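# Structure at a glance
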Amino acid sequence: MPARTKYTSIGTIERKTRGQPKHLGNLNFDNTYSRLPKSFFQTIAPKPVSDPKLIRLNKSLAKELGMDPSIVEQQNLDIFAGNATPMKSKQIAMAYAGHQFGNWVPRLGDGRAVLIGEVLDENGRRRDIQLKGSGPTLFSRMGDGRATIGPVIREYIVSEGMAALNIPTTRSLAIVTTGELVARERMEPGAILTRVASSHIRVGTFQYFYGQQDEDAIRKLADYTINRHYPSAAKDSNPYVGFLRSVVNRTAELISSWMLVGFIHGVMNTDNSSISGETIDYGPCAFMDGFYPNKVFSSIDTLGRYAYDQQPAVGLWNLSRFAETLLCIINSNKEKATVEARAVLETYWPTFEKHFHIGLCQKIGLDHNEENLSLTFRLLDCMSETRADFTNTFRNLPKLFTAPDIFDLETEEKLKFHKEFAEWSNEWKTKIAEQTASLDATWRNMYEINPLFIPRNHQIQRVIDFAIDADDYQPLDQMLTAITDPFTENAELKHLAKQPKPEEEIRQTFCGT
Ligand code: AMP
Ligand code: MG
């Protein structure tokens, strides 16, 4: 009998699967803040809502977090609405204090938000996932803990616009409507924003414990924050001085980047000033249309404390309040601690100016030097005298060479009849022509930093009106397409690059909380 062929088993080869599709609930949660002492937060679940609907999911951000954006479905919706809890979540409202318009408030805290946890994203970056508008907490005071669709849409648009402009910011992952009405000046549709941040630690978080003279808590919070955001400060001969230095640098850079795009935060209270250096808490914020250095939008900022040109100084004011909270851990000798902290705060203006001045020269396509800087300031003078559109003036400068008629048209001829501007443009053209860089390369660089699309106020309002009055979110989609790709020409969306006509202009914004 012939020997039977022996076959060697190689076992079963597993079909390669890509693992379970990830929804928000099964991401890699690791909630470090909730492991801090209990006095740092309140453990609280969002208050469920009656009829949630998903209005918008930010697919690219979802992917970045490790979610599969194609499975929006019920599980995600329930989490975004606060009707379900992700498996490994630990839901908390964070405690903080703050100076509001300069007035000390010892306890603010998350009065209408719940942190559902921290997720390690695809790149190992730790991100807070927070629901804003999720119901009352210990910190709600007189508020209802809810948000309405208008401010939620505004925050979604502006934060995503800022991210696309490469400005550090909290992000927006999703908008849901709650199916419930919320009482404001009138009844408005309730909504919840899912906010993503590198953390929600604020100057006000440190101030909360400073107000209670709780040195132990300040030290714990500082150690935690250094570890989370500024690990290199731990190597400094005095880690808390290194920490302060890092926050000063980041804040100076952040505010200079706001100034370079004409952004007005509107409510730079210390509780709205993040320690990570991200733009946070979009309330009555707005981008300027016509340039006006002391422009204020916010209806409650009657003294112009947070006007466009006040922002750099307010940044330092907030950092000074932050530094005060660290004095006790910088050095047990208060005088020595003060000297060290002051020395760090003194680096704020040079750091701010360096970034701002380099950025300004880049905006007009020139290298950074004193002469070019003063040329930029002369342009700003012409712009403020004519109220020329901040965004379009810079964006269209190359057209002074290539298509002067279009330049006039697209900046609404405001600068055309300005005598100084005519002189300015001749000088600028001579300088550009003298540069070694080719004209094409110069224009390319300018187009990469001077946006075509910014979230203009009148357009945001139009998007909100369509949402509320007609349940129509197409204008939102269209606007997001423009502002998330702000440097690229887009013939179909050209109308969104236009400054408002006088009758369209919005002169005031509201907190709308
Ligand atoms: P903000 O205007 O976002 O800087 O909020 C300032 C403070 O007011 C924070 O403590 C918020 O949590 C709280 N707050 C704002 N709106 C509400 C609201 N609708 N319900 C409860 N607390 C709120
Ligand atoms: Mg706030």
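Above: the structure in question.
Residues numbered from 1 in each chain as written. Chains lettered and ligands numbered in written order. Predicted model: local features only at pLDDT ≥ 70, side-chain atom pairs only at ≥ 80, totals over all residues. Heavy atoms only, no water.

## What to know about the coordination of the magnesium ion (ligand 2)
Distances from the magnesium ion (ligand 2) to its protein donors, Asn 272 (OD1) and Asp 281 (OD), fall within 1.9 to 2.1 Å. There is no split in this pair, since Asn 272 and Asp 281 are both buried. (Donors = N, O, S within 2.8 Å, 3.2 Å for Na, K, Ca; no water. Buried < 20%, exposed > 50% of the residue type's maximum accessible area, 1.4 Å probe, protein only.)

## Observations concerning the site of ligand 1
Around ligand 1 sit 18 residues, and of these Gly 109, Gly 111, Arg 112, Arg 141 and Gly 145 come closest. Measuring from an oxygen atom of ligand 1, one finds a side-chain N or O atom of Arg 141 at 2.9 Å. Alone, ligand 1 offers 480 Å² of accessible surface; in the complex the protein occludes 87% of this. Classifying every residue of the shell around ligand 1 by side-chain character gives two nonpolar, eight polar and eight charged. (Near = heavy atom within 4 Å. Polar contact = N/O pair within 3.5 Å; in protein donor to acceptor, adjacent residues only side chain to side chain. Areas by Shrake-Rupley, 256 points an atom, 1.4 Å probe, with all protein chains shown as cover. Nonpolar A, V, L, I, M, F, W, Y, C, P; charged D, E, K, R; others polar.)

## Some remarks on the packing of helix α6 (residues 239–261) against helix α8 (residues 334–345)
Relative to each other, α6 and α8 sit at 25°, their axes nearing to 9 Å. Considering their axes alone, α6 and α8 lie roughly parallel with respect to each other. The chirality of how α6 crosses α8 is right-handed. The residues of α8 that touch α6, namely those facing Val 241, Leu 244, Arg 245 and Val 248, are Glu 340, Ala 341, Val 344 and Leu 345. (Axes fitted to C-alpha atoms, helices over the stretch in contact; angles between N-to-C directions. Helix = DSSP H or I, 4+ residues; strand = E, 2+ residues; numbered from the N terminus. Parallel < 35°, antiparallel > 145°, perpendicular 65-115°, else oblique. Left-handed = near helix turned anticlockwise from the far one by under 90°. Contact = heavy atoms within 4.5 Å.)

## Examining the packing of helix α7 (residues 311–330) against α8
Across the interface, α7 lies against α8 with an axial gap of 9 Å and an inter-helix angle of 145°. Note on packing geometry: the crossing formed by α7 with α8 is right-handed. On α8, the residues touching Leu 316, Leu 319, Ser 320, Ala 323, Leu 327 and Ile 330 of α7 are Lys 334, Ala 337, Thr 338, Glu 340, Ala 341 and Leu 345.

## Description of the packing of aromatic side chains
Aromatic rings considered in pairs are described by the distance between their centres and by the relative angle of their planes. Within this structure, the stated rule accounts for 25 aromatic pairs. Centre to centre, the rings of Phe 243 and Phe 322 are 5.5 Å apart; their planes meet at 90°, and the pair counts as edge-to-face. Residue Phe 243 is located in helix α6, and its partner Phe 322 is located in helix α7; the two are separated by 79 residues in the primary sequence. Residue classification places Phe 243 among the buried positions, given a relative accessible area of 0%. Judged by its relative accessible area of 0%, Phe 322 falls in the buried class. Lys 295 extends its terminal NZ or CZ atom over the ring of Phe 297, reaching a point 4.7 Å from the ring centre. (Phe/Tyr/Trp six-rings, centres within 6.5 Å; stacked < 30°, edge-to-face > 60°. Lys NZ or Arg CZ within 6 Å of the ring centre and 35° of its normal.)

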